Amino acid sequence: MSLVQAAGRPGIARRLASMCYESLLALAVLAVLLVLPHLILGAFAQRVASPRIIQAHGFLVLLIYFLWFWLHGGQTLAMKTWRIRLVSRDGLPLRPLQALLRYLLCWPSILLGGAGIAWALLDREGQFLHDRLAGTRLILA
């Protein structure tokens, strides 16, 4: 029996609850590392950053947040709370390119009406589409 099989898979309700909690934490991170610097910059420079710069900044802030946690223990704060761990398909810690690929694939998976999330209802192992494509999986910690 592999490590992944022994650990078990979290159900879709647990994963969705973790995602909701994660969104609250991500909003807090964005408030501190995105909104606050742009407000301060705007106050001193009397200039507002373009929407593209703000979007790129937010994308990079979240990229760093998720990659840091996924590559250092496989769990974000929300994932620790819900006892979920992200591992590679064979149960090993993620490689940096694998974590980056998962992050990049999460965006269309969620933003296209949640199609990549709904994929879990059809997937034989109940995986989200971005996990299937990135070669990652969520297990119970």
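Residues numbered from 1 in each chain as written. Predicted model: local features only at pLDDT ≥ 70, side-chain atom pairs only at ≥ 80, totals over all residues. Heavy atoms only, no water.

**Q** Whenever I open this one, the overall build of the protein confuses me. Can you help?
**A** Secondary structure summary: the protein contains seven helices and two strands in total. N-terminal to C-terminal, the α/β element order of the protein is α-α-α-α-β-α-α-α-β. Taken along the three principal axes of its C-alpha coordinates, the protein extends 60 × 30 × 25 Å. Here the protein holds 141 residues, and 39% of them are scored as buried. In the protein, the share of contacts with a sequence separation of at least 24, taken over all contacts with a separation of at least 6, comes to 68%. In the protein, which carries 14 positive and 5 negative side-chain charges, the distance between the mean positions of the two groups comes to 5 Å. (Helix = DSSP H or I, 4+ residues; strand = E, 2+ residues; numbered from the N terminus. Buried < 20%, exposed > 50% of the residue type's maximum accessible area, 1.4 Å probe, protein only. Contact = heavy atoms within 4.5 Å. Lys, Arg positive; Asp, Glu negative; His and termini not counted. Charge placed at Lys NZ, Arg CZ, Asp CG, Glu CD.)

**Q** Any chance you could explain the packing of aromatic side chains here in plain terms?
**A** With the rule as written, the count across this model stands at seven aromatic pairs. Ring geometry for tyrosine 65 against phenylalanine 69: centres 5.1 Å apart, planes inclined by 65°, an arrangement best described as edge-to-face. Residue tyrosine 65 and its partner phenylalanine 69 are both found in helix α3 (residues 51–71); the two are separated by four residues, about one turn of the helix. The class of tyrosine 65 is buried, set by a relative accessible area of 9%. Among the residues examined, phenylalanine 69 registers a relative accessible area of 17% and is labelled buried. Aromatic ring contacts, followed pair by pair, group Phe59, Tyr65, Phe66, Phe69, Trp70, Tyr103 and Trp107 into a single cluster. (Phe/Tyr/Trp six-rings, centres within 6.5 Å; stacked < 30°, edge-to-face > 60°.)

**Q** It is not clear to me how helix α6 (residues 115–122) should be interpreted in this structure. Could you clarify?
**A** Every α-helical turn comprises 3.6 residues, leaving residues that sit three or four positions apart pointing alike. Buried within α6 we find Gly116, Ile117 and Ala120. Along α6, the residues classed as buried sweep out an arc of 115° about the axis, all on the same side. Set apart from the buried face of α6 by more than 90 degrees, the exposed residues are Leu121 and Leu122. (Arc of directions from axis to C-beta.)

**Q** Quick question: what am I supposed to make of the pairing of strand β1 (residues 84–88) here?
**A** A regular strand carries its side chains on alternate faces of the sheet. The buried fraction of β1 amounts to four of the five residues, a majority that puts the element mostly inside the structure. Strand direction decides the pairing type here: β1 and strand β2 (residues 136–140), joined by five bridges, are antiparallel. If you follow isoleucine 84 over to β2, its bridge partner there is leucine 140. (Pairing = 2+ DSSP bridges.)

**Q** What's the story with the packing of helix α2 (residues 12–45) against α6 in this structure? I'm lost.
**A** Relative orientation and spacing of two packed helices are given, respectively, by the angle between their axes and the distance between those axes. Look at α2 against α6: their axes get within 11 Å of each other, and the N-to-C directions meet at 165°. Considered as vectors, α2 and α6 are oriented roughly antiparallel to each other. With respect to the hand of their crossing, α2 and α6 are arranged in right-handed fashion. Residue-level contacts link Ile12, Arg15, Leu16 and Met19 of α2 to Ile117, Ala120 and Leu121 of α6. Of the residues belonging to the contact of α2 with α6, the class tally is six nonpolar, no polar and one charged. (Axes fitted to C-alpha atoms, helices over the stretch in contact; angles between N-to-C directions. Parallel < 35°, antiparallel > 145°, perpendicular 65-115°, else oblique. Left-handed = near helix turned anticlockwise from the far one by under 90°. Nonpolar A, V, L, I, M, F, W, Y, C, P; charged D, E, K, R; others polar.)

Read these as layout, nothing more, since geometry by itself doesn't imply function.
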